[in-house]
Amino acid sequence: ATTYCPDDELTRGEFIKLLCMIGELAPRSMDTSIHWAQPYWQVVNDYGVLWGLDIACTAAALNKPITRYEMSVMISNLTSNVYTENPVNLDSPELRIADYGSISGKYAESVLQAYGKGILDGFDDGAFHGDSTLTRAQAAAVVVRAGWPAERLKVEDVSEVVLPEEPTTPDTPD
């Protein structure tokens, strides 16, 4: 199609390619024997962007519409594994995300990180609606905020978690 269609669903394959573009992740092979998005799936998989998700490199899996939960996991993994951003603490997430209490533990931390970093916001009812599919318009907003931190939403009551430095090997006595 040559039209944008902002209310149309986005597939997993399409979103994965967008993440490669904003993360400047170049596929090492352009083998498309399984699916057109196969090279992009391979590179995001190699970088850990798909950690915690069961998305196989098959036509059926990549053609499936992406859910908002899946998107939040990919975005959270992208910011930590590719951009090496520290995690954040978001005070009282249940006050910001109306359906926070019903978010599965599998997705809760990813949703919290994406909200806390100003990449995601909810619907007019204040809920995340993680089982809903991601629209092309929503994907555009998420990709811009993820790829360009200056475009992120301002979030109050959030603090960056400072991770400890990697331990160094102590000098051995002479």
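Going by the structure above, here's the rest.
What counts and how
Residues numbered from 1 in each chain as written. Predicted model: local features only at pLDDT ≥ 70, side-chain atom pairs only at ≥ 80, totals over all residues. Heavy atoms only, no water. Helix = DSSP H or I, 4+ residues; strand = E, 2+ residues; numbered from the N terminus. Buried < 20%, exposed > 50% of the residue type's maximum accessible area, 1.4 Å probe, protein only. Contact = heavy atoms within 4.5 Å. Polar contact = N/O pair within 3.5 Å; in protein donor to acceptor, adjacent residues only side chain to side chain. Disulfide = S-S within 2.5 Å. Salt bridge = Lys/Arg side-chain N within 4 Å of Asp/Glu carboxyl O.

(A) Spatial organisation of the overall build of the chain. Of regular secondary structure, the chain possesses seven helices and two strands. Helices (α) and strands (β) of the chain occur, in sequence order from the N terminus, as α-α-α-α-β-α-α-α-β. Judged by the C-alpha coordinates and their principal axes, the chain covers about 65 × 45 × 30 Å. Counting across all 174 residues of the chain, residues that qualify as buried make up 41%. Restricting the contact set of the chain to residue pairs at least 6 apart, pairs at least 24 apart contribute 74%.

(B) Examining the environment of T11 more closely. Among the secondary structure elements, T11 is positioned in the segment before α1 (12-22). Through-space distance from the C-alpha of T11 to that of L62 is 6.6 Å; in sequence the pair is 51 residues apart. Among all residues touching T11, those that are not within four sequence positions of it are L62, N63, K64, P65 and I66.

(C) Spatial organisation of the side chain of K117. Position of K117 among the secondary structure elements: in the loop between α6 (105-116) and α7 (136-147). A polar contact is formed between the side chain of K117 and the side chain of T79, at a distance of 3.3 Å. Within the structure, the side chain of K117 is placed 3.4 Å from the side chain of E85, a separation counted as a polar contact. Sequence-distant contacts of K117, defined by excluding residues within four places in its chain, comprise T79, E85, N86, P87, V88 and R152.

(D) Just the state of the cysteines, in detail. By the definition in use, this model includes zero disulfides. Residue C20 stays outside any disulfide, its sulfur separated by 12 Å from that of C57, the closest cysteine.

(E) Highlighting the pattern of salt bridges. This model, assessed by the stated rule, comprises seven salt bridges. Measuring nitrogen to oxygen at the nearest pair gives 3.4 Å for the salt bridge that ties E85 to K117. Separated by 32 residues along the polypeptide, E85 in the loop between α4 (68-82) and β1 (88-90) and K117 in the loop between α6 and α7 bring together distant segments of the chain. Of the charged contacts, one joins D157 and R96 as a salt bridge, the two residues approaching to 3.7 Å between their closest N and O atoms. Pair noted here: D157 is in the loop between α7 and β2 (158-160) and R96 is in helix α5 (residues 93-96), with a separation of 61 residues, a long-range link. The partly exposed category is assigned to R96, whose relative accessible area is 29%.

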